[in-house]
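Single-letter residue listing:
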Amino acid sequence: MAGKIFELEQVLVYRREMEKLRKQEFAAAKRGFEQADQELKREEGLVEILTQEFQRCQHDIECIDDMRMYAAFFARKREIIRQQKDRVEQLDQTMNEKRSDLMEASRGKKVLESLKEEKAAEFRQEMATKERNFLDEISIQKKVEPT
């Protein structure tokens, strides 16, 4: 008994491909976010270490130019960290958008898959009914025929 072809099979194939594409986009966005977050944590850790080092050797600094260099260095590092935080926040937002797109694509695919399963169940039920009717008809015809 050959199965009936699902009318929306091409749409289902398209939705599966879209879900696959959305998964890849989400994975790329997540990797970007995680890398940026790790870089931010590395920068913050480096600044913390350098701050402690600066505090230890601060009393040894005799020249105002050296103090200005440290101040400029820390100002630059604070700006780098602020920019990295902005980047992480932007990548987090992008990742959440990609997650939302993926969820929507998955929902669309699941709706079609459940519709396909429902149609397949209806088809199997219809075939079982036809087979039962056919067997009933054969049974009736055998009883009617004289032996």
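Residues numbered from 1 in each chain as written. Predicted model: local features only at pLDDT ≥ 70, side-chain atom pairs only at ≥ 80, totals over all residues. Heavy atoms only, no water.

Peer 1: How do you make sense of a nonpolar patch on the surface when you look at a structure like this?
Peer 2: A surface patch of nonpolar side chains, about 280 Å² in accessible area, is lined by F134, L135 and I138. Secondary-structure assignment places L135 in helix α2 (residues 64–144). (Patch = residues over 30% accessible without salt bridge, like charges linked within 9 Å, V, L, I, M, F, W, Y side chains within 5 Å. Areas by Shrake-Rupley, 256 points an atom, 1.4 Å probe, with all protein chains shown as cover. Salt bridge = Lys/Arg side-chain N within 4 Å of Asp/Glu carboxyl O. Helix = DSSP H or I, 4+ residues; strand = E, 2+ residues; numbered from the N terminus.)

Peer 1: How do you make sense of the nonpolar core when you look at a structure like this?
Peer 2: Proteins that are soluble and globular tend to have nonpolar side chains buried together. In this structure, F26, A29, F33, A36, L40, V47, I81, V88, M95 and L102 together form the largest nonpolar core, which totals 10 residues. Contributions of two or more residues to this core are made by α1 (9–57) and α2. With six residues, the top contributor of residues to this core is α1. (Core = buried A, V, L, I, M, F, W, Y, C linked by side-chain atoms within 4.5 Å. Buried < 20%, exposed > 50% of the residue type's maximum accessible area, 1.4 Å probe, protein only.)

Peer 1: Honestly, the environment of F54 in this entry has me stumped. Any pointers?
Peer 2: Considering the arrangement of structural elements, one finds F54 in helix α1. Residues F54 and E34, spaced 20 residues apart in sequence, show a C-alpha to C-alpha distance of 30 Å. When residues no more than four places from it in sequence are discounted, the contact partners of F54 are I61, M67, Y70 and F74. (Contact = heavy atoms within 4.5 Å.)

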